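# Topology and contacts: notes
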Amino acid sequence: MTDDDIRFMKRAIELSEKTSLIDSAGGVFGSVIVRDGEILGEGANRVVAENDPTWHGEMEAIRKACKKTGSFKLRGATLYTSAEPCPMCMAAVYWAGIERVYYGATNGDALEYGDFDDSMIYGELKKPVSQRSIKCTQIMQEEAVEVWKKYKNKADRVPY
């Protein structure tokens, strides 16, 4: 752990404290994305204030960092977050190509002190689609795949 790691994690924790205790905007979650010692984006949980279940600190930090860099990939970047990322946020970390994650509190801490329980989601994601509690039904595959076929042959498509 370096002095920079401590500085960036302190900032993530400050953001978590402000959003939860001062602004009452959401849970105790703050995040900072850094590359080469520069903060690319910061975010805080604003689920309650915005009535948006996706407004997590990590998601906001990723959006801001991508906008700042002009890229949907954050290769070489590090995420500092006040708590272990939820399944949605961790998936976004993978999609963004973030290289490393440092977190403060664990999922267990979030459960014990804030009643945040992601265990049901982790359990659901392990199940086959047909056994999940939210019913998922595939329809109109042929029509949907036609667009995919066109996309495959699109000369100027941007690779992910």
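Please refer to the structure higher up on the page.
We now turn to the structure provided with this report.

### Considerations on the packing of helix H3 (residues 57–69) against helix H4 (residues 87–96)
- Packing of H3 against H4 brings their axes to within 9 Å, and their N-to-C directions diverge by 20°. The angle between H3 and H4 places the two elements in the roughly parallel class. The chirality of how H3 crosses H4 is left-handed. Across the interface between the two elements, Glu 58, Met 59 and Ile 62 from H3 touch Met 88, Cys 89, Ala 92, Val 93 and Ala 96 from H4.

### Remarks on the packing of aromatic side chains
- Applying the stated criterion across every chain yields a total of four aromatic pairs.
- Look at Phe 8 and Tyr 80: their rings are 5.4 Å apart centre to centre, the planes differ by 45°, and that puts the pair in the tilted class. Note that Phe 8 is positioned in helix H1 (residues 3–22) and Tyr 80 in strand E3 (residues 78–83), a separation of 72 residues in sequence.
- Between Phe 29 and Phe 116, the ring centres sit 5.1 Å apart and the planes meet at 90°, which makes this aromatic pair edge-to-face. On the criterion of sequence distance, the pair formed by Phe 29 in the loop between H1 and strand E1 (30–35) and Phe 116 in the loop between helix H5 (107–114) and helix H6 (119–126) is long-range, its members being 87 residues apart.
- Aromatic rings pair up to connect Phe 8, Tyr 80 and Tyr 102 into one cluster.

### Overview of the pattern of salt bridges
- Across all of its chains, the model carries eleven salt bridges by this definition.
- Across the pair Arg 7 and Asp 4 runs a salt bridge whose closest N-O atoms are separated by 2.9 Å. Of the two residues, Arg 7 and Asp 4 are both situated in helix H1; the distance of three residues between them amounts to about one turn of the helix.
- The exposure class of Asp 4 is partly exposed, given its relative accessible area of 35%.
- Between Lys 127 and Glu 124 there is a salt bridge, with the nearest N and O atoms lying 2.8 Å from each other.
- With relative accessibility at 12%, the residue Glu 124 sits in the buried group.

About the thresholds
- Residues numbered from 1 in each chain as written.
- Predicted model: local features only at pLDDT ≥ 70, side-chain atom pairs only at ≥ 80, totals over all residues.
- Heavy atoms only, no water.
- Axes fitted to C-alpha atoms, helices over the stretch in contact; angles between N-to-C directions.
- Helix = DSSP H or I, 4+ residues; strand = E, 2+ residues; numbered from the N terminus.
- Parallel < 35°, antiparallel > 145°, perpendicular 65-115°, else oblique.
- Left-handed = near helix turned anticlockwise from the far one by under 90°.
- Contact = heavy atoms within 4.5 Å.
- Phe/Tyr/Trp six-rings, centres within 6.5 Å; stacked < 30°, edge-to-face > 60°.
- Salt bridge = Lys/Arg side-chain N within 4 Å of Asp/Glu carboxyl O.
- Buried < 20%, exposed > 50% of the residue type's maximum accessible area, 1.4 Å probe, protein only.

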